[in-house]
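Here is what each chain is made of, one letter per residue.
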Amino acid sequence: ISLETPIKVSRNAWNQAPSKSGLAIGSSITMQDALYILVVKSANDIAVAVAEAVSGSEPAFVEEMNAMARAMGLTATHYVNPHGLHNEAQVTSARDLAMLALYIHRDYPQYLDIFQTEKVRLGKASLETNNGLLEHFQGTTGMKTGYICASGLNIVATVQRDGRNLLAVVLGG
């Protein structure tokens, strides 16, 4: 898998509940574009399409997500799906999300610019982030927002200010 790997929207991916990318069944984008769409739009169809491309199936990808979470010491995390939509068995903690953010910063610094993206153009559509900190809080370098009714508003935010790097995790807002 590389940033140029094609990610195809299957019927299974297309059938996911909103939020969606708007791409049609059978259409393809690159892995790089998929990552931008995931971070900016939280597109559930793209999360499933990436899972299928990386691991061959959604269940296989979830199994790999859980294995990686265990390897990283994310002791309060258990995944059931790749997109984060509600399932009683899918759980995490603020500590585990902070650890995940720190791993990303340490091991994948080449991808950090993705988390600062405010808008993605997809054909004629403009997909915009829900992370208002990027626009309104000086020094914000990004990370990720999320929302489902069961848990409320959630954010992992990173900031660089006065030579310091800050990380905050807020769940259930």
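No experiment lies behind these values; they were computed from the predicted model shown. (Residues numbered from 1 in each chain as written. Predicted model: local features only at pLDDT ≥ 70, side-chain atom pairs only at ≥ 80, totals over all residues. Heavy atoms only, no water.)

Colleague: Honestly, the overall build of the protein in this entry has me stumped. Any pointers?
Modeller: A count of helices and strands for the protein gives 6 helices and 7 strands. Starting at the N terminus and walking to the C terminus, you meet the elements of the protein as β-α-β-α-α-α-α-β-β-α-β-β-β. On C-alpha atoms alone, the protein measures out to a radius of gyration of 16 Å, which is about the 16 Å that the 2.2 N^0.38 rule sets for 173 residues. Taken along the three principal axes of its C-alpha coordinates, the protein extends 45 × 40 × 30 Å. In the protein, which comprises 173 residues, the proportion classed as buried is 38%. Split by element, the accessible area of the protein, about 9,800 Å² in all, is 55% carbon and sulfur. Where the 13 positive side-chain charges of the protein centre and where its 15 negative ones centre are 4 Å apart. (Helix = DSSP H or I, 4+ residues; strand = E, 2+ residues; numbered from the N terminus. Rg over C-alpha atoms; globule rule 2.2 N^0.38 Å. Buried < 20%, exposed > 50% of the residue type's maximum accessible area, 1.4 Å probe, protein only. Areas by Shrake-Rupley, 256 points an atom, 1.4 Å probe, with all protein chains shown as cover. Lys, Arg positive; Asp, Glu negative; His and termini not counted. Charge placed at Lys NZ, Arg CZ, Asp CG, Glu CD.)

Colleague: Explain the side chain of Thr 129 to me, please; I cannot follow it from the model alone.
Modeller: In this structure, Thr 129 sits in the loop between strand S4 (125–128) and helix H6 (133–136). Here Asn 131 takes part through its backbone nitrogen, which lies 3.0 Å from a polar atom of the side chain of Thr 129. Residues in contact with Thr 129, not counting those within four places in the same chain, are Val 40, Thr 117, Glu 118 and Leu 134. (Polar contact = N/O pair within 3.5 Å; in protein donor to acceptor, adjacent residues only side chain to side chain. Contact = heavy atoms within 4.5 Å.)

Colleague: Teacher, can you tell me more about the packing of helix H3 (residues 44–55) against helix H4 (residues 58–71) here?
Modeller: Each packed pair of helices is defined by two parameters, the angle between the axes and the distance between the axes. Across the interface, H3 lies against H4 with an axial gap of 8 Å and an inter-helix angle of 85°. With respect to each other, H3 and H4 are oriented roughly perpendicular. Along its contact with H3, which presents Val 48, Ala 51, Glu 52, Val 54 and Ser 55, the element H4 presents Glu 58, Ala 60, Phe 61 and Glu 64. Taken together, the residues of the contact of H3 with H4 break down into 5 nonpolar, 1 polar and 3 charged. (Axes fitted to C-alpha atoms, helices over the stretch in contact; angles between N-to-C directions. Parallel < 35°, antiparallel > 145°, perpendicular 65-115°, else oblique. Nonpolar A, V, L, I, M, F, W, Y, C, P; charged D, E, K, R; others polar.)

Colleague: Would you take a moment to explain the pairing of S4 for this structure?
Modeller: Strand residues, when the strand is regular, have side chains that alternate between the two faces of the sheet. As defined by bridge partners, strand S3 (residues 119–122) adjoins S4 across 4 bridges and the pair is classed as antiparallel. If you follow Lys 119 over to S4, its bridge partner there is Glu 128. (Pairing = 2+ DSSP bridges.)

Colleague: I'm lost on helix H2 (residues 31–41) in this one. Help?
Modeller: What sets the pattern is the α-helix's 3.6 residues per turn: residues three or four places apart point alike. Buried within H2 we find Met 31, Ala 34, Ile 37, Val 39 and Val 40. Those residues of H2 hidden inside the fold are in contact with strand S1 (6–8), strand S2 (28–30), H3, S3, S4 and strand S5 (140–148). In the segment just after H2, Ser 42 is the residue with positive phi, at about 55°.

Colleague: How do you make sense of the pattern of salt bridges when you look at a structure like this?
Modeller: Working definition: two side chains of opposite charge can pair if their charged atoms are close together. Counting across every chain of the model gives 2 salt bridges. Between Asp 96 and Arg 95 there is a salt bridge whose closest N-O contact spans 2.7 Å. When the shortest N-O distance is used, the salt bridge between Asp 107 and Arg 106 registers 2.6 Å. Residue class for Asp 107 comes out partly exposed when judged on its relative accessible area of 35%. (Salt bridge = Lys/Arg side-chain N within 4 Å of Asp/Glu carboxyl O.)

Colleague: Help me understand unusual backbone geometry, please; the structure alone is not making it clear to me.
Modeller: With an omega dihedral of 20°, the bond running from Pro 18 to Ser 19 counts as a cis peptide bond. Along the chain, Ser 19 falls in the loop between helix H1 (11–14) and S2. Within the chain, Ser 42 stands out as a residue other than glycine whose phi angle is a positive 55°. Positive phi outside glycine occurs at Met 143, with the angle close to 110°. Its location among the elements puts Met 143 in strand S5.

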